[in-house]
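One-letter residues, chain by chain:
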Amino acid sequence: MTKPVQSQAGAGSTFHRPFCPDGRAALDLGFEAGCPEQNRPFLLVATIIASAMAFIDATVVTIALPPLQADLDATFQAVQWVVNAYALFLGGLIVVGGGAGDRVGRRRTFVTGTAIFAVASLACALATSVEWLIVARSVQGIGAALLVPQSLAIIAAAYPKTVRGRAIGIWAGASAITTSLGPVLGGFLIDALHWRVIFLINLPLSAAVIVLALRYVPESRNDMVSGPLDWFGGLLIIVAFGSLAAGLTLITETSGANVLAVTAICFGAIASLLFVFREARAASPIMPLSLFGNRIFLSANIITLFLYGALTGILFLLPFDLIESRGMSATMVGLTLLPIGIIIGTLSRFAGVRADRDGPRGLLVVGSLLVAASAAGLAVGAADYWIGVVAPIAILSLGMALVVAPLTTAVMVSAPDNLSGAASGVNNAASRLAGLFAITIIGAVASVVYLGELKANGIPLDDWRFGVLPGAGRTDHEVFEQAFLAAYQVALSTAAIWGVLAAITAFAFMRPSTANSP
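Residues numbered from 1 in each chain as written. Predicted model: local features only at pLDDT ≥ 70, side-chain atom pairs only at ≥ 80, totals over all residues. Heavy atoms only, no water.

A. Layout of the overall build of the protein. Regarding its fold elements, the protein presents 18 helices and 0 strands. A buried classification covers 59% of the 518 residues belonging to the protein. Once local pairs closer than 6 in sequence are excluded, the contacts in the protein between residues at least 24 apart make up 84%. Of the roughly 19500 Å² of accessible surface on the protein, 68% is carried by carbon and sulfur atoms. (Helix = DSSP H or I, 4+ residues; strand = E, 2+ residues; numbered from the N terminus. Buried < 20%, exposed > 50% of the residue type's maximum accessible area, 1.4 Å probe, protein only. Contact = heavy atoms within 4.5 Å. Areas by Shrake-Rupley, 256 points an atom, 1.4 Å probe, with all protein chains shown as cover.)

In structure tokens, the structure reads:
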């Protein structure tokens, strides 16, 4: 039987669980302080800025999708990959990135990842085509996969155990605040200047991180880690999930690419099997298969897939409704999304304490149902902004705040102590890859319904794609609005179903009698 998660670890690690659930792993690392006390504040600032950049770029881009889609004349399927490319490489390589820091040095990996992230951000800002932007976003994901895992590991190596939890709490709180403000700042920059500026702002921030890291962050490694780094396993994840997502995306296109879609899906399925075989035989697997023999661990990750899929799908679709359908500015969209990070960051600590005391089951069921209710409320499409948008967003925030900490608690309690880092990494990757498939599936549903509605009304499909509505002066403008609403409702209903499935999984498998069993 594994030992239960202590309250301090639960609060410290789960406060910022939507973005990085590695707090407990960092708290458990057996390093002595290797950083002079006067240098630690600068070290903390460097890790906060770097993490915030990676977290913000995973979300703020959704606000820029409508204008960049028009600017680059991109299809809706291509726009999906602007988000998916980042999630794919970050989710596929984040565990490998953590292992790289343990072996070759955390500061070196941290600085390298930040530099890659900066160069890729410049490439994003200079993109003249959506294909260029997708490639640059992929490289951004690689940089983020290297720098994100190092943030907590650097703190753990630099701070003594007596103050390490407090330092991680400061990192989590500051990261939550900066990430919450990211969409607001991003929306303002898009309105005032251009969508490209949200990438250019990463350049001075990256420069500051690199200077602070080189001057104040000591090099550290984990001498307890041995064995080769499983880069091949990470590559197989990217190939497998990328092929599956590409195949699902191609199915929605009307260019007759069905053979290519089926080929991509089959190739992804084969690569997935190869990944499982690889992990069963690898000396240092990034996903130890033994973890999935525990029902609680397996159930928690299934819930993670459903919930973070629902969350990402909602956040992907909402800007199209607010900007294209409701005529809101990007700044207003950012302000609309602001409560999500604030509520999650504020209430997750409370939920973590309750999960430690009463178990995760009840909170997971209630929180999942709230997420489902939020998606259903948005799907109704009420014209009133406060009823149709703000109220469902508040419900979504409350639901996610209730599930963030219990999910981490369930994952960490169910994993053996010697695999706590791997368990946290698997769950982190699951939350990010859930977003990849959510955008693919929900985007496919929205596109199919939208084009189907237009076709049923006799409108040629060659020049239209979901997410772009014609000007109000067209005589058939109402047809486009109705088609958009129908697609929006069906797609969000899909997210609502995922929330219900998460609640059912939690109710069925997170029973109190088994919550702490191995």
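From this point on, the discussion continues.
B. Representation of the layout of surface pockets within the structure. In this structure, the second largest pocket spans a volume of roughly 630 Å³. In terms of lining, the second largest pocket is formed by 28 residues, of which the most central are Phe241, Asn301, Leu305, Ala430 and Leu433. Looking at the lining of the second largest pocket, the elements with two or more residues in it are α5 (76-104), α11 (231-251), α12 (258-281), α13 (295-325) and α17 (420-456). Partitioned by chemical class, the residues of the lining of the second largest pocket number 22 nonpolar, 6 polar and no charged. (1 Å grid on protein atoms, 1.4 Å probe; cavity = no way out; pocket = protein on both sides within 12 Å on 5 of 7 lines; lining within 4 Å. Points joined across faces, edges and corners; volume = space filled by probe spheres on them. Nonpolar A, V, L, I, M, F, W, Y, C, P; charged D, E, K, R; others polar.)

C. Representation of the packing of helix α6 (residues 106-125) against helix α7 (residues 130-158). Direction vectors running N to C along α6 and α7 enclose 155 degrees, while the axes themselves pass 7 Å from each other. Compared by their axis directions, α6 and α7 come out roughly antiparallel. In the packing of α6 onto α7, the handedness of the crossing is left-handed. Of the residues assigned to the contact of α6 with α7, the class counts are 16 nonpolar, 9 polar and 2 charged. (Axes fitted to C-alpha atoms, helices over the stretch in contact; angles between N-to-C directions. Parallel < 35°, antiparallel > 145°, perpendicular 65-115°, else oblique. Left-handed = near helix turned anticlockwise from the far one by under 90°.)

D. The arrangement of α6 in detail. For α6, which comprises 20 residues, the first-to-last C-alpha distance of 28 Å matches the rise-based estimate of 28 Å (1.5 Å per residue) to within 8%. Buried residues of α6: Arg106, Thr109, Phe110, Val111, Gly113, Thr114, Phe117, Ala118, Ala120, Ser121, Cys124 and Ala125, and no others. (Expected span 1.5 Å × (residues − 1).)

E. Quick look at the packing of α6 against helix α10 (residues 202-216). One way to put it is that α6 packs onto α10 with a least axis distance of 9 Å and a crossing angle of 165 degrees. Classified by the interaxial angle, the pair formed by α6 and α10 is roughly antiparallel. Here the hand of the crossing between α6 and α10 comes out left-handed. For the pair α6 and α10, contact is made by Arg107, Phe110, Val111, Thr114, Ala115, Phe117, Ala118, Ser121 and Leu122 and by Asn202, Leu203, Ser206, Val209, Ile210, Ala213 and Leu214, respectively. Of the residues that constitute the contact of α6 with α10, the class distribution is 11 nonpolar, 4 polar and 1 charged.

F. Highlighting the packing of aromatic side chains. In this structure the tally under the stated criterion is 7 aromatic pairs. With centroids separated by 4.3 Å and ring planes inclined at 15 degrees, the aromatic side chains of Phe42 and Tyr216 adopt a geometry described as stacked. Of this pair, Phe42 sits in helix α3 (residues 40-57) while Tyr216 is found in helix α10, placing the two residues 174 residues apart along the sequence. Its end group placed over the ring of Phe507, Arg361 keeps NZ or CZ at 4.4 Å from the ring centre. (Phe/Tyr/Trp six-rings, centres within 6.5 Å; stacked < 30°, edge-to-face > 60°. Lys NZ or Arg CZ within 6 Å of the ring centre and 35° of its normal.)

G. Summary view of the side chain of Ser51. Mapped onto the fold, Ser51 is located in helix α3. The buried category is assigned to Ser51, whose relative accessible area is 0%.

H. A look at the environment of Val445. If you trace the backbone, Val445 turns up in helix α17. Residue classification places Val445 among the partly exposed positions, given a relative accessible area of 22%. Spatially, the C-alpha atom of Val445 lies 7.2 Å from that of Ala487, the residues being 42 residues apart in sequence. Beyond its immediate chain neighbours, meaning those up to four positions away, Val445 contacts Val490, Ala491 and Thr494.

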